[in-house]
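# A closer look at the structure
One-letter residues, chain by chain:
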Amino acid sequence: MSLSDREYIERCLDGHPEAFGELVQRHQTALLSFLAGRLGSRERAEDAAQETFVRAYFALDRLKKRDSFFPWLFGIASRVAKEGQRAEQRQRDLAQTVAERTSKHDLPDDYPLQQALSRLAEPYREVVLLRYYTGLSCAEVAEQLTIPVGTVTKRLSRAYAMLRESLRQCDRRDDRPR
Amino acid sequence: MKCSECQEELIGYLEGLLERDRQAEVDRHLRECSVCRAEADAHVHLRDRLIDDGKALAQVQLAPQVMARIAEEQASWRRRLAMVMRSPKTRIGLAAAAALVVALFVILPGPQMSRLSADEVLDRTAQALRSVKAYHYEMRTPGVPSALLREIWTQGDRIYARGLREGQLVAEFWADPTRIVRYDRETNKVTISDAHPGLLRAMGGIAMLRNFKPEDWQPLPDSRAKHEGRWYRVFELPGTGTFRGMGRSGETKMRLWVDEQKYLPVRLEGQLRPPETSEWERFLEVDFLWDEEEVREALFEPSYPETAPVDDQRQFLEPEAGQEAPPVAPEEVATPIVSVKPGLTLEKLWIHPVGVLILRIAPHDRLPFGEPPELEDPEKNPWGLKGEEIPLALKGQVIFEEPVEVRRLGAGGVPKRWAGYLVYEFEPKADETVPDTLTFRYLLARRSLPSDGSLQAYKDAVLKDPSAWHLYEFTVPTEDYIVNRIPEEIYASPNLYAEKILFPALKRIVERYQAQGQPEKAVAFMEAQGPNTRRLLEKLLETE
């Protein structure tokens, strides 16, 4: 039987560090998607995800609301991503653009989608990541976020609209002559 | 149905969350409206794209690298450098920081790198101890000629220990929550006895490191010491109580040496001051060995020659020979739980949503039953527990996460076992759902029964001394322990008087259903119960 995030955290803090591995397993896909969208590179996303989890581990005892591990983790991920972007900016200042530096092989599988997802406001991004990247049902998402199921579907609906708009704009940019 | 309505319902429709009639309405509209159908198709396309992206990313497995990095970072100088650089107490300017980095590259590892305060060292020690999977240490009792050098591994709730005399292996020992096995190599005899998880606590104060609380420890005035080229921080835990054993007795305290590179203890010393003296002497030495490799599972499996005679002294667990264990109805079997906590094992937990809660606990130390002391110290007894408690050294309180009133109905022993039932009544919610978690908070006397078995001496020492009591708590999720039948086994307790203590609670339940105009619920509740509880309810319902 799998435990809740809170239970894994408590096990970890109780002297069972391997319980943290379960949290990594549960949230890694969602985290990777978010970081890939922010950083534009699967490789950098994996490095950033690792760094995020390691920082989360060492800060675990400071997490007061243990039911809110997921948003807390993404707070750390945002900071890690910002640090990564600043490092990337310093390199960009050497007169190379991201598009030029990043080869096709380096782009994550669906970078436009991940980029659009990473730009969503947190309440909408959260429901999409929990539903499609962590594999929870709408009812489980509602339970995790302690909101009604109706609110989950409303946020998903809004998220869909925003994602489709972002992707449409991205497609238009790609279609423009260079 | 309007298009705007249909499009609002699309997510619910695709997720299968709509009521059947509504689903059918949307179905009909989509068949008739090409605009909404295109919208639904676009939704499906995006949903599939999200799912596919999730699947692609799920191929990446980060856990092994993350856990390896965490293990590495425990001893990583880079992290300590970052901590030092960020620490406001260091106040390093940019130029000085650069110089420091250069110096560190040259002299690492070295004392200059760690200028952390005592509090910071203790915090990092607590963190390092929490990430440790297994403890490996040697234990000596100085001044006792016959004492062995004991080498011990503990992982979770299991112990493997060996005793050596003058370098020779003379005894082995395996313990876990279910039993203790001792193999005396000199006599070639094996003894098996009842589980005694409290042993962990007795083994050189290791339990205090498992539940390491930085705030309990104080740095010594000369708190940095160098030994064989390595630096250590030294801390003291004053007032750990009174020790009596091995021909000695007195007030005790603990001293701890922490390695400044790994933030792990290297040595723990127990010091003793006999009454009417001012000198402290060492009575316990623990040197931590911290195995580099994973502790092998096989270490905790008892292994002794097949020809060695085995003396099984266990007194409980199995039914007596020739007797069948009484059958248990599936409705009263909550998810099995054997959860070892400080001072006790939580064996079973039954929660009936009507408002009855029962714990079956096995205290670890052989403490006598009796009347509890009044604990005046509000820090030790912040909730003012009073009343009959069982056993003497254990006073427990059940707390739900939501403000639910809980009342203890009674307590009693489990036949032929050092275990007991604690029976509570709680105010159920209107919909009879149970809060998600409950906490069991308890005071535990930290002193075991004296070796001469003198109850009176024990009572005199412990009953009136609040410092002998320690506060613990643990929280469990309630979901797996909800039953629809009060367990029949409680009626076999010789001193719980289950019928007597449950009768008023059952009366309140029946009266509540009747006040709500739902007498049929009282009948349904009764019909789900076992014969003993049903008999009580039949009495109540006849009276009504």
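Residues numbered from 1 in each chain as written. Chains lettered and ligands numbered in written order. Predicted model: local features only at pLDDT ≥ 70, side-chain atom pairs only at ≥ 80, totals over all residues. Heavy atoms only, no water.

### Regarding the packing of helix α2 (residues 18-39) of chain A against helix α4 (residues 34-57) of chain B
At a minimum axis distance of 9 Å, the contact between α2(A) and α4(B) shows a crossing angle of 110 degrees. The angle between α2(A) and α4(B) falls in the class roughly perpendicular. Here T29(A), L32(A) and S33(A) of α2(A) lie close against α4(B), whose contacting residues are D53(B), G54(B) and L57(B). (Axes fitted to C-alpha atoms, helices over the stretch in contact; angles between N-to-C directions. Helix = DSSP H or I, 4+ residues; strand = E, 2+ residues; numbered from the N terminus. Parallel < 35°, antiparallel > 145°, perpendicular 65-115°, else oblique. Contact = heavy atoms within 4.5 Å.)

### Some points on the nonpolar core
What tends to happen in soluble globular proteins is that the nonpolar side chains get buried as a cluster. Core analysis: the biggest nonpolar cluster contains 64 residues, and F20(A), L35(A), V128(A), Y133(A) and L50(B) have the highest contact counts within it. Examining the composition of this core, we find that 11 residues originate from one element, α2(A), more than from any other. Not counting residues within four places of it along the chain, the set of residues in contact with L35(A) comprises G40(A), A45(A), A48(A), A49(A), T52(A), A77(A) and A81(A). Counting residues in each nonpolar core, the second largest holds 34 residues, with L209(B), L268(B), L284(B) and V286(B) among its members. (Core = buried A, V, L, I, M, F, W, Y, C linked by side-chain atoms within 4.5 Å. Buried < 20%, exposed > 50% of the residue type's maximum accessible area, 1.4 Å probe, protein only.)

### Re the interface of chain B and chain A
Residue-level contacts link 36 residues of chain B with 45 residues of chain A. A buried area of about 3,900 Å², summed over both sides, lies between chain B and chain A, and 62% of it is on carbon and sulfur atoms. Three residues stand out in chain B for area buried against chain A, namely L50(B), L57(B) and R130(B), and they jointly supply 17% of the buried area on that side. Here chain B is connected to chain A by four salt bridges. Between E51(A) and R69(B) there is a salt bridge, with the nearest N and O atoms lying 2.6 Å from each other. Taken together, the connections running from chain B to chain A amount to 12 residue pairs in polar contact (both at pLDDT 80 or more). At the level of elements, α2 (10-14), α4, α5 (63-74) and α8 (118-131) of chain B are the ones that each hand at least two residues to the side of chain B that touches chain A. The leading source of residues in the side of chain B that touches chain A is α4(B), at 12 residues. By residue class, the composition of the side of chain B that touches chain A is 17 nonpolar, eight polar and 11 charged. (Buried area = accessible area lost by both parts, 1.4 Å probe. Salt bridge = Lys/Arg side-chain N within 4 Å of Asp/Glu carboxyl O. Polar contact = N/O pair within 3.5 Å; in protein donor to acceptor, adjacent residues only side chain to side chain. Nonpolar A, V, L, I, M, F, W, Y, C, P; charged D, E, K, R; others polar.)

### Focus: the pairing of strand β14 (residues 344-352) of chain B
Extensive coverage of β14(B) is indicated by the burial of nine of its nine residues. In this structure, the hairpin formed by β14(B) and strand β15 (residues 356-363) of chain B is closed by a connection of three residues, where G355(B) is found at a positive phi of approximately 125 degrees. (Pairing = 2+ DSSP bridges.)

### Digging into the pattern of salt bridges
Residues and elements named next belong to chain B. Evaluation of the coordinates by the stated rule reveals 38 salt bridges over all chains. In this structure, R140 and E138 form a salt bridge, with 3.2 Å as the shortest nitrogen-oxygen distance. For R140, a relative accessible area of 26% puts it in the partly exposed group. For E236, the salt bridge is made with K253, and the minimal N-O distance between the two is 3.5 Å. In this pair, E236 sits in strand β8 (residues 230-245) while K253 sits in strand β9 (residues 248-259), placing the two residues 17 residues apart along the sequence. Considered together, E236 and K253 belong to a single accessibility category, that of buried residues. When salt bridges with common partners are traced through the structure, they connect E138, R140, R267, E269, R282, E285 and D287 into a single cluster.

### Re the pairing of strand β11 (residues 281-288) of chain B
Residue and element names in this part refer to chain B. Counting buried residues in β11 gives six out of eight residues, a clear majority hidden from the surface. In this structure, strand β1 (residues 134-140) lies alongside β11, joined through four bridges in antiparallel fashion. Opposite M139, over in β11, you have V286 as the bridge partner. Of the pairings in the sheet, the one linking strand β10 (residues 265-273) to β11 comprises six bridges and is antiparallel in character. Across the sheet, L272 pairs through a bridge with E281, a residue of β11.

### What about helix α3 (residues 20-32) of chain B?
All names here are of chain B. With 13 residues, α3 extends 19 Å between its outermost C-alpha atoms, agreeing within 8% with the 18 Å of an ideal straight helix rising 1.5 Å per residue. All of the buried residues along α3 are V26, H29 and L30. Taken down its axis, α3 places every buried residue within 100 degrees of arc, on the same side. Residues of α3 that are exposed and point over 90 degrees away from its buried face: R20, D21, R31 and E32. Residues of α3 that are buried in the fold lie against α1 (3-8), α2 and α4. (Expected span 1.5 Å × (residues − 1). Arc of directions from axis to C-beta.)

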